[in-house]
Structures are given as structure tokens and as C-alpha cells.
Amino acid sequence: MLEAAGTPQEIEGRSLWRDARIRLFRNKAAVGSMIILGIITLMAIFAPMLSPFEYDQIDWGYIQEGPNWENGHIFGTDGNGRDLFIRILYGARVSLAVGLLATSVSLVIGVTYGAVAGYFGGKIDTIMMRFVDVLYSLPFMFFVIMLMVVFGRNIFLIFIALGAVEWLTMARIVRGQTLSIRRREFIEAAHATGVSNFKIIFRHVIPNVLGPVIVYMTLTIPQVILTESFLSFLGLGVQEPLTSWGVLISEGAKVIEASTWMLIYPATFLALTLFCFNFIGDGLRDALDPKDR
Amino acid sequence: MNAIGKKKAVPILSVRDLKVHFTLSGTGLFGKERKLKAVDGINFDLFPGETLGIVGESGCGKSTLGRAILQLIPPTDGQVIWLGRDIVGAPHSAMQPLRRDLQIIFQDPLASLNPRMTIGEIIAEPLVTHKADLGKEEIKARVKRMMARVGLLPQMINRYPHEFSGGQCQRIGIARAMILEPKLIICDEPVSALDVSIQAQIVNLLQELQREFDLSLIFISHDLSIVRHICHRILVLYLGNVMELADRDSIYAAPKHPYTKALISAVPIPDPEIERNKERIVLTGDLPSPTNPPSGCVFRTRCPFAKDVCATDIPTVDTINDHHQVACHFHERM
């Protein structure tokens, strides 16, 4: 059985995560999306270095002028004479930050909550999931407007409001996944060994439900960005002179006949980002669950 | 390995009148709740170093019985006496130290291993849980020693379960069960999912380990040839009830229960001459629903020898001699 124990050094195994990563990097659309998204993110981070203008600097000579390479306003200026290019990059900061932070909040709360509800089942599950149903039934816009009225307009409120809503779906997804694996034999083996429930949830349940969670996460980010844009469009989002893609699109939409560039450029950035996230989500789904193709 | 000699010893495990009933919610709004009697009053003793085979067809409560002994499914009634102590309904804190002596091996080798963990982590989990004071190096050394013992190359320690074949996965499952050197392992159809050639290897491995560590095994199976090979005593279950409990030689030579007779006559013999001429008892019909078991003797609906008394009286488990018990009204005539 044991032929002289072979070579003594240990062989590295190929984890399912590593297999998934290899499959993901074979997906051209996903890789392309990651590159574009990476460029947009880097541009957002290094925004001040990329333009001679400040995002709130008014250039009195060029009010609502179209794109022009000679004066440096490559995407044109808005109605207040501010450079659109730098404003789009600052808008990217807000939109991407909202997307990532709100999604992380929803991830942490949703995964823990869903895994606990699904794992324990029975009455605990019923109570926990009915609570989710109740929160679901709250009208979201009403909730956000109330927050804004009570606490004033604040970017952190948007994070909280979006995170508080997004974790509900995450919790449902994780609960469903947990229900399907909690009767698996490796969970039973852990029980038989005497592993505590807490450790079973974090060591055995959550790593095995992360696949769908990651996929859902990449689809939540664009959803959150869209919602933030929608809130800003309604005037409930970020405060002037700070901006987001939603605000820029809203302003552009008002003057669509006179100056199309004010709508087209921010809308292109938003659409591109959403496309990228969706392609990455698609690629991740194929990579993490090759059977579902 | 004389099972009769072992009988004088103190049993390591005694199961007394063990019952596991599941409540099924009724159908429709006013449907009545029904009781599913998966295990309905089972008694047996298990001695140190002994292998007890539990046989029966699908749905007769074999696996439920195994899990009820480990308290993975809470028994409805009865006692499970482990080393002189009843563990039914014991709180989590009291069960925890006992779990290191009670282990289980599962039917589906791959499903019983967490796909996200390396096999080193899987095998080490019982150690990490029960002997937290051991250092990382010591744990790794023990895992490697156990891997070598069950016939796995120790340098495979960082591999993942999907990189192994079914037989190797079952060896990993055995290594996990053995790492704490338990006193009892419940083998829940450990070889049913494997090829015949691999089955023999796994069964032989279990026997070697049993001799080496003086293990007791409860071997759940529906394969009578393997049970005959590995078990010292055999318990025949039907619809959650004991039909017959006897030493291996006694039960194969002279089965006293019509159900056991039918099961044994169904085992193929690798000699076409004998196979063709042997008397075969074919049972008609299917296993009755355990939610609505037959009155009297549960086996009477399929029994070729059933009489009126079988429908009215539940047969008692009669002791024929020291190593043979049977639950049939007419066992003297069999």
C-alpha cells in the first residue's frame, strides 16, 4: 500500500477556490471587465493628479461649453463652469464607495444572519425569517426619505440605508443554501465529533455557501450604485458640490437638448461600470459552479 | 476473536427498548399528525472488540438506530447505556467528552468530507476539538501517522477531497474516525458506495484496526456476504423491530426467522451449480409504510408462514440459547 512512503515532501492540493480562479481567468469577458474596472478605480483614486482643475472650481470663461482639448476641459463643463471630467472621477469615488461599502455591510450581516437561521432551523428560523419579511415590506423610498428628513443629508446615511436593505436578500440566499447543506454528511460528522455549533457554522457552513454569495455580491454592487444614482437623481443623495454619477446624470438630463455631453459622459461611465460588474458576476458564477453552465 | 468468549465480558454498550419516533405533520389543514416509528423498541448489548452487524432492507431503521445511539437523532424513549451510563437526553456538556470514544463512518465517502478543507484539516478536526492543547506540529505528526496507518500517502496531507477516489475518501473518513482512538465506531454502510475490489480493502482495513485498537464496531449494511465476513453477531431489523439476533455461525447455519431465511437465501453463491439448485425464498410485496405498520407481527404481511395469531399478537423476542434470539411465534418449527 505504501511504497517506501514516496518522496517525503508534501504535495500541494488544488483547492476548489483555486480551480475557480483558473476558470475565471479563462473567461475573456470577465478578465476584460476586471481590467476596465481596475482602470476606472485607479482613475477615481488618483483623480486630482489627472486633471488641472478642481472638482468645485468654476471656470468663468467656459460655462456649459462642449468638450474641447485645447482649453483642457476634455469632457466639457457643466452649467456652473466646472470641469466635467474631474467631476465624473469624483462621482466615481462616491458611487464605487457606496457600492463596495453598502455591499460589505450587507455581506457581513446577511451571511451571518442567514447562516444562523438556516442552520438552526425550526422556530429560530421562522422567527428570524419573518423579521426579514417584515423589513422587506417596509417601503424603501419612504425609509430613506424619513432618514434624510430626520438626520439631514449625509453620505453615511446612504451607506446605512442601502446596507440595511440589501442584507435582506443576502440573508435569504444564504439561508436557502444553508438549508441545503446542513443535512450533508460532513456536517453530521462534525456533530458526531462534538464540534460546537458556532464552529460548524463558520468552519463548515459558510465556506460552502460562499460561491453563490460572491456571485450575488458582484450583482449587488451595481444594484447599489444604481439605487444611489436614483436617490441622487431625486435629490436625496450626496450634497453639492460633491457629486456622484447619479447627480451628474440628473443634471445632464435636464439640459439634454442644449448640451448632450453632460449626459453622455457620466452615463457612459455608469453603464460601463455596471456592465463590468455584471460580466464579472457572470464569470464568477460559471467559475464557482461549473455544473450550472 | 471468539464472540462467545466475549459474552462473559461486561458490555461496552447496552441498548434498552430504544425507540425513535418521528412526528409527521398531517396533510391538508386538518390532517392528523402521524407517527413514524423508525426504531421501535430495540434491545442489544455490544461487547469490547466485537463487531455487531445490523442488516435489513432500505427504510427499516438501520441508519436511524446508528444515529440514535450517537445521540445525533434524539431517541424518543429507552436507554443507551455507554460504559454503564445512560446517555439518552444527556446535556451537550456531558456528551462532549464521550464523543471522543464514539465515532461514525458514513456511506457516501465524498459527501462526508468538507470540500473546502484539506484532508489534513479534516482528519485533524477531532484532535483540534478534543485535544486543543496539542501543538500544531504534534497534530500534523499524528495526522500523518494515521494517514499512513489507513493506507494514504502522508504527503497528500494538503490535498482536497475531490482529488481522491471513493476508496481513498473512505480511508480519509476512517482516519478521521480513528484519530482519537475511539472505543466504538458505527459504520453506516461504509462500503455500499464502493467497487467490490475496494470493498474488500476497506473491510480488511477495518478488521486490522479493530484488532490493533480493540475497537467495537457496529456495522450497518444490507450486504449479507460482507456482514458474514466481518461481523461476530448479527441483528436483523424489519420496520424498526428486531427480528433475530444471533452469532454469525448460528444465524447463517440455522436462521430461525422467516425473514432472515429469505434474506440469506437471496445471497448469491459464486458456484453456479449450487446457485441453481438452492432453495430461494422470494418475498412478495414491498416494505409496509412505517407510518402504518401491520398489527401483531410487523412482518406478517409478507411472511409465507403467517397464521391468524400473527395478526393479533406481537411476538416476543425469545431466547433460544445463549447466542440466539428471535421474534417469531413459530420459530420452533423453522
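Now for a quick tour of the structure. Note that the structure is predicted; figures quoted are calculated from it, not measured.

## Overview of the overall build of chain B
- The helix and strand inventory of chain B stands at twelve helices and twelve strands.
- Here the C-alpha atoms of chain B give a radius of gyration of 21 Å, agreeing with the 20 Å that 2.2 N^0.38 yields for 334 residues.
- The principal-axis extent of the C-alpha atoms belonging to chain B is close to 70 × 60 × 45 Å.
- With 334 residues in all, chain B has 51% of them scored as buried.
- Expressed as a percentage of contacts within chain B between residues at least 6 apart in sequence, the contacts between residues at least 24 apart total 64%.
- Of the roughly 14,800 Å² of accessible surface on chain B, a fraction of 51% belongs to carbon and sulfur atoms.
- Considering chain B, the positive charge centre built from 39 side chains and the negative charge centre built from 37 side chains are found 2 Å apart.

## What to know about the packing of helix H10 (residues 245–254) of chain A against helix H11 (residues 261–288) of chain A
All names here are of chain A.
- Close contact between H10 and H11 brings their axes to 8 Å; oriented N to C, the two are set at 145°. With respect to the hand of their crossing, H10 and H11 are arranged in left-handed fashion. Seen from H10, the contacting residues are Trp245, Leu248, Ile249, Glu251, Gly252 and Ala253; seen from H11, they are Met262, Leu263, Pro266, Ala267, Phe269, Leu270 and Thr273.
- Of the residues in the contact of H10 with H11, the class split is ten nonpolar, two polar and one charged.

## Concerning the sheet that holds strand S5 (residues 85–86) of chain B
All names here are of chain B.
- Overall, antiparallel pairing links the four strands, which are arranged S2-S1-S4-S5 in an open sheet. For this open sheet the edge positions go to strand S2 (34–46) and S5, each flanked by a neighbour on one side alone.
- Bridge count for strand S1 (residues 13–24) against S2 is ten bridges, and the pairing is antiparallel. For Val15, the partnering residue across the bridge sits in S2 and is Phe44.
- Contacting S1, S2 and strand S4 (77–82), helix H2 (residues 62–69) runs over the sheet at an angle of about 115° to S1.

## Description of unusual backbone geometry
Residue and element names in this part refer to chain B.
- In this structure, Asp17 takes a positive phi of about 50° despite not being glycine.
- Mapped onto the secondary structure, Asp17 falls in strand S1.
- Despite not being glycine, Leu239 has its phi angle at roughly 50°, a positive value.
- Among the structural elements, Leu239 can be located in the loop between strand S9 (233–238) and strand S10 (241–247).

## Some details on the nonpolar core
- Formed by 62 residues in total, the largest nonpolar core has its most connected members in B:Ile174, B:Leu206 and B:Phe219.
- No other element matches the six residues that helix H6 (residues 166–178) of chain B contributes to this core.
- Counting residues in hydrophobic clusters, the runner-up holds 36 residues, among them A:Phe75, A:Trp245, A:Leu284 and A:Ala287.

## Brief notes about the interface of chain A and chain B
- If you look at the interface, chain A gives 30 residues, while chain B gives 38 residues.
- Of the roughly 3,100 Å² buried between chain A and chain B, counting both surfaces, carbon and sulfur atoms make up 53%.
- When the buried area of chain A at its contact with chain B is split by residue, A:Glu10, A:Glu185 and A:Thr193 rank highest and sum to 21% of it.
- At the surface where chain A touches chain B, the tally comes to two salt bridges.
- Residue B:Glu125 pairs with A:Arg203 through a salt bridge whose shortest N-O separation is 2.5 Å.
- Viewed at the interface, chain B and chain A are joined by ten residue pairs in polar contact (both at pLDDT 80 or more).
- When contributions to the side of chain A that touches chain B are tallied by element, the ones reaching two or more residues are helix H1 (16–26), helix H8 (185–193) and helix H9 (197–233) of chain A.
- Broken down by element, the residue count for the side of chain A that touches chain B peaks at eight residues, all from H8(A).
- Looking at the side of chain A that touches chain B, its residues break down into 13 nonpolar, ten polar and seven charged.

Criteria and cut-off values
Residues numbered from 1 in each chain as written. Chains lettered and ligands numbered in written order. Predicted model: local features only at pLDDT ≥ 70, side-chain atom pairs only at ≥ 80, totals over all residues. Heavy atoms only, no water. Helix = DSSP H or I, 4+ residues; strand = E, 2+ residues; numbered from the N terminus. Rg over C-alpha atoms; globule rule 2.2 N^0.38 Å. Buried < 20%, exposed > 50% of the residue type's maximum accessible area, 1.4 Å probe, protein only. Contact = heavy atoms within 4.5 Å. Areas by Shrake-Rupley, 256 points an atom, 1.4 Å probe, with all protein chains shown as cover. Lys, Arg positive; Asp, Glu negative; His and termini not counted. Charge placed at Lys NZ, Arg CZ, Asp CG, Glu CD. Axes fitted to C-alpha atoms, helices over the stretch in contact; angles between N-to-C directions. Left-handed = near helix turned anticlockwise from the far one by under 90°. Nonpolar A, V, L, I, M, F, W, Y, C, P; charged D, E, K, R; others polar. Pairing = 2+ DSSP bridges. Core = buried A, V, L, I, M, F, W, Y, C linked by side-chain atoms within 4.5 Å. Buried area = accessible area lost by both parts, 1.4 Å probe. Salt bridge = Lys/Arg side-chain N within 4 Å of Asp/Glu carboxyl O. Polar contact = N/O pair within 3.5 Å; in protein donor to acceptor, adjacent residues only side chain to side chain.

Geometric descriptors of this kind do not, in isolation, establish any biological role.
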